Amino acid sequence: MNGIKIRGTGRGVPSKLVTNRDLEKIVDTSDEWITARTGIRTRHHCAEGERISAITAQAARRALEDAGVSPDQIGACLVATATPETLVPSAACALQRDLGLPQDIPCFDLNAACTGFLFALHTMECLLNASPRKFGLVVGAENLSRVINWADRGTCILFGDGAGAAVVECREGWPSISAVLGCHGNSELLYLPGPESEEHGYLSMEGTRVFKFAVEAVPWCVDQVLKKTGRTVEDIDFFVFHQANARIIDLAVRKYHIPPEKYYKNIAEYGNTSAASIPLVLSELREQGKIGPGSRILAVGFGGGLTWGGCLIEFA
């Protein structure tokens, strides 16, 4: 199977900035407590009347522009999300309409929670191998502020809204991203009820147990991707971890002795944006010139489901 590489990235975030001090006014918490335990200082939430679909389209347009790819060249469009604006049409179908993508291509949403962007990259690699068009649009987008229980101080401090996008290209002779993906059905640790549930649609989470799961899942994914690709830590130009908790990232950094110039944290500004987390990091790194053509990136995600995954992806 021919592999894919990233050609361009883009991002979009809502206008409303919510600080830890803002949260102190509505829930029993403090800026010091939140920062010490999570690394989060601010997060972006959709303001009244602000639509996540517009932010998703903004991220996608920027990725297309960065890639130098026109909408008519796109062979598939995937949106990784657990919080679409509408179930039908899907966020991907709405994006196809808004961007003027071809009508004879697959466009659909994919929900693997915080690992969704990596699941979508692997799915896109498979789709483009069977498509006459060799560019694909992969987006992670979340509007988590609308499913937050503001009385639950354990979760309301964590999550933010936003979208990150990547345009990928499939070419003969390119290596596969060697995705390692997994899931374990569990509705106890992290749960978001659906439309048929009698419960109110709030996200709930057992933070301590999710933290334990994450600190085991991250190194497992790193080890499996390195084993599958025959690479070492030294072969990787940059490590991109899902931004759920700064302490989880710090533990992985210490375990693998990753130097500061090879990893990045933006959780202080964005909080946990679920499926948007990894592409937001990729977009910022590219804009800052820290990654670019030829860069080899090992990305790891983990989240509700439970889901986990890792892959090795290069920039074209």
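The following refers to the structure shown.

Here is what the cut-offs are and how they apply
Residues numbered from 1 in each chain as written. Predicted model: local features only at pLDDT ≥ 70, side-chain atom pairs only at ≥ 80, totals over all residues. Heavy atoms only, no water. Helix = DSSP H or I, 4+ residues; strand = E, 2+ residues; numbered from the N terminus. Buried < 20%, exposed > 50% of the residue type's maximum accessible area, 1.4 Å probe, protein only. Contact = heavy atoms within 4.5 Å. Lys, Arg positive; Asp, Glu negative; His and termini not counted. Charge placed at Lys NZ, Arg CZ, Asp CG, Glu CD. Pairing = 2+ DSSP bridges. Axes fitted to C-alpha atoms, helices over the stretch in contact; angles between N-to-C directions. Parallel < 35°, antiparallel > 145°, perpendicular 65-115°, else oblique. Left-handed = near helix turned anticlockwise from the far one by under 90°. Nonpolar A, V, L, I, M, F, W, Y, C, P; charged D, E, K, R; others polar. Phe/Tyr/Trp six-rings, centres within 6.5 Å; stacked < 30°, edge-to-face > 60°. Lys NZ or Arg CZ within 6 Å of the ring centre and 35° of its normal. Core = buried A, V, L, I, M, F, W, Y, C linked by side-chain atoms within 4.5 Å. Right-handed = clockwise from strand over helix to strand, strands pointing away. Salt bridge = Lys/Arg side-chain N within 4 Å of Asp/Glu carboxyl O.

1. With respect to the overall build of the protein
Each helix and strand in the protein was counted, giving nine helices and 13 strands. Projected onto its principal axes, the C-alpha positions of the protein cover 55 × 45 × 35 Å. Buried residues in the protein amount to 57% of all 316 residues. Here the contacts in the protein between residues at least 6 apart in sequence split such that 76% fall between residues at least 24 apart. Side chains of the protein give 31 positive and 36 negative charges; the mean places of these two sets differ by 4 Å.

2. Quick look at the sheet that holds strand β1 (residues 3-12)
In spatial order, the strands read β1-β7-β6-β4-β5; together these five strands make up an open sheet with mixed pairing. The sheet is open, and its two borders are formed by β1 and β5 (107-110), each paired with just one other strand. Each neighbouring strand pair of the sheet contributes to a mean axis angle of 20°, computed without reference to strand direction. Pairing of strand β4 (residues 74-80) with β5, which is carried by four bridges, proceeds in the parallel orientation. Residue pairing in the sheet places Ala 80 in a bridge with Leu 110 of β5.

3. So, the packing of helix α6 (residues 207-229) against helix α7 (residues 246-256)
One way to put it is that α6 packs onto α7 with a least axis distance of 10 Å and a crossing angle of 40°. Judged by the inter-axis angle, α6 sits oblique to α7. You can see that α6 and α7 cross each other, and the crossing is right-handed. Along the contact surface, α6 presents Phe 211, Ala 214, Val 215, Val 218, Pro 219, Val 222 and Asp 223, while α7 presents Arg 247, Ile 248, Leu 251, Ala 252, Lys 255 and Tyr 256. Its residues assigned to classes, the contact of α6 with α7 comprises 10 nonpolar, no polar and three charged.

4. A short note on the packing of aromatic side chains
According to the stated counting rule, one finds two aromatic pairs in the structure shown. Taking the centre distance of 6.2 Å and the plane angle of 15° together, the rings of Phe 239 and Phe 241 count as stacked. Residue classification places Phe 239 among the buried positions, given a relative accessible area of 1%. Between Lys 255 and the ring centre of Tyr 256, over which it is positioned, the NZ or CZ distance is 5.6 Å.

5. Points about helix α4 (residues 91-99)
Among the residues of α4, those classed as buried are Ala 92, Ala 94, Leu 95, Gln 96 and Leu 99. A positive phi of about 70° marks Gly 100, the residue just after α4.

6. Structural notes on the side chain of Ser 90
Positionally, Ser 90 belongs in the loop between β4 and α4. Ignoring anything within four residues of it in the chain, the contact list for Ser 90 reads Cys 107, Phe 108 and Asp 109.

7. Structural notes on the nonpolar core
Here is a general trend for soluble globular proteins: nonpolar side chains tend to be buried in one another's company. Ranked by size, the top nonpolar core spans 34 residues in total, and within it Phe 117, Leu 121, Val 240, Leu 282 and Ile 297 carry the most contacts. Looking at this core, the elements with two or more residues in it are β1, β4, α5 (116-129), β7 (162-171), β11 (238-241), α9 (277-287), β12 (296-303) and β13 (305-314). Ignoring anything within four residues of it in the chain, the contact list for Val 240 reads Ile 278, Val 281, Leu 282, Leu 285, Ile 297, Leu 298, Ala 299 and Val 300. Counting residues in each nonpolar core, the second largest holds 28 residues, with Ala 214, Val 225, Ile 249 and Leu 306 among its members.

8. Comments concerning the sheet that holds β11
Backbone hydrogen bonds are what pair the strands of a sheet, in a parallel or an antiparallel way. In spatial order, the strands read β8-β13-β12-β11; together these four strands make up an open sheet with mixed pairing. Taken across any chain shown, the strands that pair with only one partner, and hence form the sheet edges, are β8 (180-186) and β11. Within this sheet the neighbouring strands show an average axis-to-axis angle of 10°, counted without direction. Together, β8, β12 and β13 form the strand contacts of α5, whose direction differs from that of β13 by roughly 55°.

9. Considerations on the pairing of β4
Here β4 lies mainly inside the structure; seven of its seven residues are buried. Taken together, the six bridges between β4 and strand β6 (residues 135-142) define a ladder with parallel strand orientation. Opposite Cys 77, over in β6, you have Leu 137 as the bridge partner. Chirality of the crossover, the property in question, places the unit of β4, α4 and β5 among those that are right-handed.

10. Observations regarding the pattern of salt bridges
Should the charged atoms of two oppositely charged side chains come close, the side chains can pair. All told, the structure shown has 16 salt bridges when counted by the stated rule. Asp 66 serves as the salt-bridge partner of Arg 286, at 2.5 Å between the closest nitrogen and oxygen. Taken together, the residues Arg 286 in helix α9 and Asp 66 in helix α3 (residues 52-67) connect sequence positions 220 residues apart. The closest approach of N and O atoms between Glu 188 and Arg 209, which form a salt bridge, is 4.0 Å.

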